[in-house]
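# A closer look at the structure
What follows is the residue order along each chain.
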Amino acid sequence: MKIGISTFLTDQGIRPAALGRALEERAFDALLIAEHTHIPVSRRSPYPRGGELPERYYRTLDPFVALASAAAATERLLLGTGVALVAQRDPIITAKEVASLDLVSDGRAIFGVGVGWNREEMEDHGTDPATRGRLVNERLGAIRELWTKDEAEFHGEFVDFDPVYCWPKPVQHPHPPVYVGGGERAFPRVAEFGDAWLANNVRADALGPQIEQVRATAGREVPVTVYGVPGTPEVVEGYTGLDVERVLLYLPTLPEHETLEHLDRLAGIAARFR
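Residues numbered from 1 in each chain as written. Predicted model: local features only at pLDDT ≥ 70, side-chain atom pairs only at ≥ 80, totals over all residues. Heavy atoms only, no water.

### Some words on unusual backbone geometry
To keep it simple, the criterion reads: The helix and strand labels rest on DSSP assignments: H or I over at least four residues marks a helix, E over at least two residues marks a strand, and numbering proceeds from the N terminus.
Looking along the chain, the bond that leaves Trp167 and enters Pro168 is cis, with omega of 5°. Within the secondary structure, Pro168 is located in the loop between β7 (160-164) and β8 (178-181). With omega at 0°, the peptide bond leading from His173 into Pro174 counts as cis. Relative to the helices and strands, Pro174 is located in the loop between β7 and β8. Even without being a glycine, Arg43 presents a positive backbone phi close to 55°. Tracing the chain through its elements places Arg43 in the loop between β2 (30-33) and α2 (63-72).

The following block contains the structure:
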């Protein structure tokens, strides 16, 4: 089982290059970072975990700028979004950003994607929350065309463009792996667009049946990465008996010296399960 890190990179925490170096030095295999462009002050959408929304949600760095910085400081670390909010992203720009990250990292990009939960945030981007699922599916389809076709075109309900040139193309073939986040409602999206399922902090005792379900929906073996796993030996051990490719231990957003201390502890735990 591979072990990586999931976190929020913000202006208040460790910088991306320093974090990337620290993860590679400690033998973590991947870094996936969260994305929110902003958070509306109104707060009509309740925080899914309950209580007040943590400040880190509205202080996140742009994920592709941050990951490019980490790419320049590392050689082996996989670098991904966990997750990019495709309902809020232009597909042509996003296709170019992911492909550019894949190029500058020499083929280490992971495109983790999700629909999102904050309705006001989506609305500020011109997205109707009622149709966000269909919108995301079309945008993923368009991104795949842009990555894989020299003259790409797409004609749908929400995304429509005639043949275009769009470079760079990704280094990875046919494109960077798409990790689809979400629960059971996202399983058809995993089947159509996903190279893996990104399970968001699903407990080990509940994960087994869901793995069977997502694979039955897809009709194939779907690799599973678990995001946001608490960094304790007992929790990590629970995943060892499941067919899980990777767990991403949750790293709090902290200043650099505190982050390095925390990573030393997580690295000690990870070493037990490699």
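Alright, that's what it looks like, and here's the rest.
### Some words on the side chain of His175
Heads up, the rule is: A simple rule labels every residue: compare its accessible area, found with a 1.4 Å probe on the protein chains alone, to the largest value its type can have, and call it buried under 20%, exposed over 50%, or partly exposed in between. Residue contacts are counted whenever heavy atoms from the two residues lie within 4.5 Å of one another.
With respect to the helices and strands, the residue His175 is situated in the loop between β7 and β8. By relative accessible area, which is 11% here, His175 ends up buried. Sequence-distant contacts of His175, that is, excluding residues within four places in its chain, are made with Arg144, Trp147, Thr148, Pro170 and Asp195.

### Remarks on the pattern of salt bridges
Selection rule: Here, a salt bridge means any Lys or Arg side-chain nitrogen found within 4 Å of an Asp or Glu carboxyl oxygen.
Applying the stated criterion to the full structure yields 14 salt bridges. The salt bridge involving Arg26 is made with Glu25; its shortest N-O contact spans 3.7 Å. Accessibility expressed as a relative area gives 63% for Glu25, which makes it exposed. Residues Asp243 and Arg215 are paired through a salt bridge, measuring 2.9 Å at the closest nitrogen-oxygen approach. Of this pair, Asp243 sits in the loop between α8 (233-238) and β11 (246-251) while Arg215 sits in helix α7 (residues 204-218), and the two are 28 residues apart along the sequence.

### Structural notes on the environment of Val180
By secondary structure assignment, the location of Val180 is in strand β8. Judged by relative accessible area, which is 1%, Val180 ranks as buried. On a C-alpha basis, the gap between Val180 and Val190 in space is 5.6 Å, while along the polypeptide they are 10 residues apart. Those residues within four positions of Val180 in sequence are excluded, and the remaining contacts are Val113, Ala186, Arg189, Val190, Phe193, Gly194, Ala196, Trp197 and Leu198.

### Details of the packing of aromatic side chains
Cut-off, in case you're wondering: Any two of the Phe, Tyr and Trp rings considered here, Trp counted by its six-membered ring, make a pair once their centres fall within 6.5 Å; the pair's planes then place it as stacked at under 30 degrees, edge-to-face at over 60, or tilted in between. Two conditions define a charge located above a ring, namely a distance within 6 Å from the ring centre to NZ of Lys or CZ of Arg, and an angle within 35 degrees of the ring normal.
For the structure shown, the criterion picks out seven aromatic pairs. A centroid spacing of 5.8 Å and a plane angle of 75° characterise the contact between Phe111 and Trp147, whose relative ring orientation is edge-to-face. With Phe111 in strand β5 (residues 109-114) and Trp147 in helix α5 (residues 132-148), this residue pair connects regions lying 36 residues apart in the sequence. Geometrically, the ring pair formed by Tyr165 and Trp167 is tilted, given 6.4 Å between the ring centres and 45° between the ring planes. Tyr165 sits in the exposed class, given a relative accessible area of 65%. Counting every residue linked through ring pairs, the aromatic cluster contains Phe8, Tyr47, Tyr57 and Trp117. Over the ring of Phe28 we find Arg274, and its NZ or CZ is 5.5 Å from the ring centre.

### Concerning the packing of α2 against helix α3 (residues 91-104)
Under the convention used in this document: Only the contacting stretch of a helix is used when fitting its axis, a line to C-alpha atoms as for every element, and angles between N-to-C directions run 0 to 180 degrees. Should an angle lie under 35 degrees it is considered roughly parallel, over 145 roughly antiparallel, and from 65 to 115 roughly perpendicular; all remaining angles are considered oblique. Any residue outside Ala, Val, Leu, Ile, Met, Phe, Trp, Tyr, Cys, Pro, Asp, Glu, Lys and Arg is labelled polar, Gly included; the first ten of those are nonpolar and the last four are charged.
α3 packs onto α2 with a crossing angle of 5° between their chain directions and a minimal axis gap of 10 Å. By the angle class used here, α2 and α3 are roughly parallel. Counted together, Phe64, Leu67 and Ala68 of α2 and Glu97, Val98 and Leu101 of α3 form the full contact between these two elements. Of the residues assigned to the contact of α2 with α3, the class counts are five nonpolar, no polar and one charged.

### Notes on the environment of Gly238
Here Gly238 lies in helix α8. Sequence-wise, Gly238 and Ile14 are 224 residues apart; in three dimensions their C-alpha atoms are separated by 29 Å.

### Let's talk about a negative patch on the surface
Applicable threshold: Like charges within 9 Å and nonpolar side chains (Val, Leu, Ile, Met, Phe, Trp, Tyr) within 5 Å are joined into patches, using only residues over 30% in relative accessible area that form no salt bridge. What sets the accessible areas is the Shrake-Rupley method with a 1.4 Å probe; for residues, cover comes only from the shown protein chains. Charged-residue counts in this description rest on Lys and Arg as positive and Asp and Glu as negative, His and the chain ends being excluded. By convention, charge coordinates are those of NZ in Lys, CZ in Arg, CG in Asp, or CD in Glu.
A cluster of like negative charges, contributed by Asp150, Glu151, Glu153, Asp160 and Asp162, occupies part of the molecular surface. Residue placement: Asp162 occurs in strand β7.

### A word on a nonpolar patch on the surface
Taken together, Leu103, Val104 and Val171 make up a surface patch of nonpolar side chains, about 250 Å² in accessible area. Take Val104: it is sitting in helix α3.

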